[in-house]
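Observations on the model geometry
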Amino acid sequence: MLKEVIFCVLVVNVLLAEAKDLTCSQRSSQMPMIAGGRSVNEKDWPWHVAVLQGTSTENKRIQNCTQFSYGCGGTLIGPKYVLTAAHCTYSKRIILPARRVKIQVGLINLENPGRHSTTYLVASIIRHEEYDKTNFHNDIALLRTRDNIIYSDYVQPICLPSSNSYQGRFGKVVGWGVGDSDRYNPILQEAELEVVKTMYCLFEPDPVYKYILTKNESNFCAGNKNETNVCSGDSGGGMYSWQDGRYVLRGMTSLGSLGQDHQCKMKDYSVFVDIYSFINWIESAKSPRSTNLLNIDGCSPDNHDLEISESLKPIFLQYSWLVTLDFTTPDNETSKSICSGVLIHEVFVLTVAHCLCNSSDWYKLTSVTLGDFNVNLDPENGEDAGSKIVTIRKSVVAIEKIIQHPEYNNPKYSNDIALIKLQRDHPCEMVNINPICLPHARTHLSNDLFAVGWKRVNTTTPEREIVQIEDIKACVEAYKSIDMSLPSKDSILCTNSESRANNCLNFVAGSPLQYVKNVDGHNRYFLRGLYTFGSARCNSNLTDVFVDVNYYLQWIKQTVEENI
């Protein structure tokens, strides 16, 4: 049947079907099951799905350059949810974004899908936050589709187990994994494997079991010690056992034993994720808490692999929360090179308070501009992440209210942060306008920081610098030498960059300091700071100073809620 490969088990709790007049684990097929591998019939296992992985070409002339092929199995547990192994959401140990994963339901033959098969796009991937790529602990992930999956006799969800007690020692496994021909079998195969006690695996000569099996028994071993097993390509597929008069998802293929020739060892045991151990995680993953402090869905996504350096990413359309503050002079000339800010909510912009002082009769803040890139062009063209030419337009929005921090400049240079409430929502259909995420707490912080924004003195497009946090005490002493007393060390950050010596221009005030973090299976940008001031950078030992936004999270949340 299916030989099992090195990466396989993970089981996720599956809710009952939420569709009207349908329940889980309903099979139209009543074909008898036999031990050992055999091809299945349509309707036999209507909850088993194919997880397709996309690979991108380097040909920029091809607009749709992602090619999808079979990668793993999965199990349908609800109208929008599929469980699979967390390692199945990686390609060569690099995390896959949701746009590079699809699922195919109602499928028996990989080479000839047939009229009962449908492909669905994946909207989000929720990987277990404690998944370990080295030992495959917590090897579970939930795929959420963009559209509801339509049920039929060929497509049904399976029930999740209500307890860890099952009828009998055996479980059914299915998959398209490597078979007797040492290649993926195009026809879905099934077999019956015996679930054995953990000690049987630990007594095996292969040391991999001692490394893979968990102490909390959140995975388990199964196998017949014969030529029937799971193998490469079966990862993420389910093991189904009888409970309360129906099949339930007992486990998920995670890992098998490989020989030195990287061939599946068919007479060894395989490791499965114990689904019942992850019931609570599955429930919470289906109703995740917002990753954003202000509960905005879809804030600041990064569709690149997490391992890609920020310096290698494009700037056009990458930072769609950048905002320019529009000031006018008495002769009605507009300047956008004075201050910046970031969109954090549909109607709120965060910036530094000193940009909003009314002490100057020369400059007056009149509006903000969202979605701008080249401040001298509108509209403007550029390439998106898929190398497709995109035309964008900026959006100029009037200001309803300015809210400075109540303790701004008390003492001097302290609490340099403010909110701008806009008169209307920004146009949500514009791909170049999207709020940046704010973390719920300081626990989300990262030291891999970079600043993005327009520079002073006639720069037309944003620039980016990778920065390093500097010692705060040395920073305070350096500014004290020019009679500037910096505020509390908890409320500011001092940074330096390698490009400092070659680029004398500072960012405009309010430019963001940010980082990328994978939260709930998504790569997202989070705001860490806003540029406040710095001296002329060439030939200076003074570092740049940012207000630490995370110090003011409670004030930001409370102020937005009071003024929404």
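As the structure is a computational prediction, the values presented were derived from the model and not from experiment.

Here's the deal with the state of the cysteines
Going through the model one piece at a time under the given rule, you end up with six disulfides. In this model, Cys-201 is linked to Cys-221 through a disulfide, with the two sulfur atoms separated by 2.1 Å. Residues Cys-201 and Cys-221 are joined by a disulfide whose S-S torsion is about -135°; by sign, that bridge is left-handed. Separated by 20 residues along the polypeptide, Cys-201 in helix H1 (residues 198–202) and Cys-221 in strand S12 (residues 219–222) bring together distant segments of the chain.

Section: the packing of aromatic side chains
Summed over all chains, the structure comprises 20 aromatic pairs. Measuring from ring centre to ring centre gives 5.7 Å for Phe-220 and Phe-272, while their planes differ by 15°; the resulting arrangement is stacked. With Phe-220 in strand S12 and Phe-272 in strand S15 (residues 270–274), the pair connects residues that are 52 residues apart, well separated along the chain. The residues Phe-220 and Phe-272 share a single accessibility class, namely buried. A connected cluster of aromatic rings, assembled from ring pairs, spans Trp-45, Trp-47, Tyr-240, Trp-242 and Tyr-247.

Thoughts on helix H3 (residues 279–286)
Of the residues making up H3, those classed as buried are Ile-279, Trp-281, Ile-282, Ala-285 and Lys-286. Projected down its long axis, H3 carries its buried residues within an arc of 160°, all on one side.

As for the confidence of the model for the protein chain
This prediction gives the protein chain a mean pLDDT of 82; 81% of its residues lie at or above 70. Across residues 1–22, where pLDDT falls below 50, the model places 154 contacts with residues more than four positions away in sequence or in other chains. This model gives residues 57–64 a pLDDT under 50, and the stretch forms six contacts once residues within four places in sequence are excluded.

Cut-off values and rules
- Residues numbered from 1 in each chain as written.
- Predicted model: local features only at pLDDT ≥ 70, side-chain atom pairs only at ≥ 80, totals over all residues.
- Heavy atoms only, no water.
- Disulfide = S-S within 2.5 Å.
- Helix = DSSP H or I, 4+ residues; strand = E, 2+ residues; numbered from the N terminus.
- Phe/Tyr/Trp six-rings, centres within 6.5 Å; stacked < 30°, edge-to-face > 60°.
- Buried < 20%, exposed > 50% of the residue type's maximum accessible area, 1.4 Å probe, protein only.
- Arc of directions from axis to C-beta.
- pLDDT = per-residue confidence, 0-100.
- Contact = heavy atoms within 4.5 Å.

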